[in-house]
Amino acid sequence: MLKLYYSTTSPFARKVRIALEEKKIEYELCETSAWDDASPVHAANPLGKVPALTLDDGTSIYDSRVIVEYIDDVSPVSRLVPEPVRQRIAVRKWEALADGACDALVLATLERKRPEARQSPEWIARQRHKVEAAVAEMASELGERPWCNGESYTLADIACGCALGYIDLRAADFDWRGRFPNLARHADKLGKRPAFAESAPPKS
Ligand code: GSF
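Residues numbered from 1 in each chain as written. Predicted model: local features only at pLDDT ≥ 70, side-chain atom pairs only at ≥ 80, totals over all residues. Heavy atoms only, no water.

## Points about the packing of aromatic side chains
Now for step 1: Per the counting criterion, the structure on display carries 1 aromatic pair.
Now for step 2: Seen in terms of ring centroids, Trp147 and Tyr153 are 5.7 Å apart; in terms of plane orientation they differ by 65 degrees. Their pairing is edge-to-face.
Now for step 3: With relative accessibility at 11%, the residue Tyr153 sits in the buried group.
Now for step 4: The ring of Trp147 has Lys189 sitting right over it, with the charged end atom 3.9 Å from the ring centre.
Now for step 5: Between Arg193 and the ring centre of Tyr153, over which it is positioned, the NZ or CZ distance is 3.6 Å. (Phe/Tyr/Trp six-rings, centres within 6.5 Å; stacked < 30°, edge-to-face > 60°. Buried < 20%, exposed > 50% of the residue type's maximum accessible area, 1.4 Å probe, protein only. Lys NZ or Arg CZ within 6 Å of the ring centre and 35° of its normal.)

Spelled out as C-alpha cells, the structure:
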C-alpha cells in the first residue's frame, strides 16, 4: 500500500493528504518529524523533507507536486489537474503561488526559531512581504468566482486552502480574512469538505 510520510503542520503534506482523499486512494499515514535524524523520511527522501510517498514497489517519490501529479494520474476519479494545456498551467501556477507563500513562511518561521540576537528582522520582513503579496494575488485571481480556476474544484483550490491554513498556524496576526473577504468565504467553503476538515493543522 502507498505510505505517506507527513507531519500535521506541513501544508505541503496536507495538500497531498487532501488529494489522496479526494481521489479515494487507499494509503497509510506515517506521522514523522523531518527534524528527527532517525525519521524514516530520510530513507524515503534524501532531502529529508515531508511529504514523501513510498509506492508498492518500495520506491519513493517527492516532493508534494510530483506526488500530486502521480496520484492524479493513477486514478481517474475526480480529476484535480485539468488536461487542456492552458487550464493545466493555470492550475499549476496557482499551486506555485500557494506553495511559494508556504515556502516563504517556512523560512520566516525557521528564522524566528533562532536565538533572538541572531535573527534577521530584514529577512523575516522579506519573507513576510512575499506571503502578503501572494495572498493579495490569490484574492485578486479568485475574485467573486466560485473556484480558484475554471468551473470546478481543482488542485488550485487545495493548494490555496492549505496555504491559508498554514498562515493561520504560523502568522496568526496576518488578518487575511479581514482584508480579503472573498478568500475568507472560499476558505470556509473548502473547510466544509471532509478532506480539508480531517487534515486541518493543529491550533497554533
Ligand atoms: C517542500 C517540503 C517542505 O518544506 C514540497 O514537498 O512541496 N517543496 C517541498 N517540508 C518541510 C516541512 S513543512 O514546513 O512543510 C520539511 O520537511 N522540512 C525539513 C527540512 O529539513 O527542511
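## Some words on unusual backbone geometry
Working note: non-glycine residues mostly have negative phi, and peptide bonds are mostly trans.
Now for step 1: For the peptide bond that leads from Val50 to Pro51, omega is 0 degrees, which places it in the cis range.
Now for step 2: Residue placement: Pro51 occurs in the loop between α2 (41-44) and β3 (52-54).
Now for step 3: Residue Asp63 follows Tyr62 across a cis peptide bond; omega there is -5 degrees.
Now for step 4: Tracing the backbone shows Asp63 in the loop between β4 (60-61) and α3 (64-74).
Now for step 5: One non-glycine residue with positive phi stands out, namely Ser78, at about 40 degrees.
Now for step 6: Exposure remark for Ser78: the relative accessible area of 40% places this residue in the partly exposed category. (Helix = DSSP H or I, 4+ residues; strand = E, 2+ residues; numbered from the N terminus.)

## Brief notes about the site of the ligand
Now for step 1: By nearness alone, every residue bordering the ligand is listed as Ser10, Pro11, Phe12, Ala34, Trp35, Gly48, Lys49, Val50, Pro51, Asp63, Ser64 and Val106.
Now for step 2: Between an oxygen atom of the ligand and a side-chain N or O atom of Ser10, the distance comes to 2.7 Å.
Now for step 3: Within the side chain of Asp63, one N or O atom sits 3.0 Å away from a nitrogen atom of the ligand.
Now for step 4: Protein contacts shield 82% of the accessible area of the ligand, which totals 540 Å² for the unbound molecule.
Now for step 5: Partitioning the shell around the ligand into residue classes produces 7 nonpolar, 3 polar and 2 charged. (Near = heavy atom within 4 Å. Polar contact = N/O pair within 3.5 Å; in protein donor to acceptor, adjacent residues only side chain to side chain. Areas by Shrake-Rupley, 256 points an atom, 1.4 Å probe, with all protein chains shown as cover. Nonpolar A, V, L, I, M, F, W, Y, C, P; charged D, E, K, R; others polar.)

## Topic: the pattern of salt bridges
Working definition: two side chains of opposite charge can pair if their charged atoms are close together.
Now for step 1: A full pass over the atoms with the stated rule returns 15 salt bridges.
Now for step 2: When the shortest N-O distance is used, the salt bridge between Lys23 and Asp72 registers 2.7 Å. You can see Lys23 sitting in the loop between α1 (11-22) and β2 (27-31) and its partner Asp72 sitting in helix α3, a full 49 residues away along the chain. No difference in accessibility class separates Lys23 from Asp72, as the two residues are buried. (Salt bridge = Lys/Arg side-chain N within 4 Å of Asp/Glu carboxyl O.)

## Here's the deal with the nonpolar core
Now for step 1: In this structure, Leu20, Val135, Met138, Tyr153, Ile167, Trp176 and Leu183 are the most contacted members of the largest nonpolar core, which totals 55 residues.
Now for step 2: Sorting the residues of this core by element identifies β1 (2-6), α1, α3, α4 (85-113), α5 (121-142), α6 (155-170), α8 (181-191) and α9 (194-198) as the ones contributing at least two each.
Now for step 3: Ranked by residues supplied to this core, first place goes to α6 with 11 residues.
Now for step 4: One finds Tyr5, Ala34, Ala44 and Ala52 within the second-largest nonpolar core, a separate group that totals 7 residues. (Core = buried A, V, L, I, M, F, W, Y, C linked by side-chain atoms within 4.5 Å.)

## What about a nonpolar patch on the surface?
Now for step 1: Together, Trp35, Leu107, Leu110 and Trp123 make up an exposed nonpolar region whose accessible area comes to about 440 Å².
Now for step 2: Within the secondary structure layout, Trp123 lies in helix α5.
Now for step 3: Assessed through its relative accessible area of 34%, Trp123 is described here as partly exposed. (Patch = residues over 30% accessible without salt bridge, like charges linked within 9 Å, V, L, I, M, F, W, Y side chains within 5 Å.)

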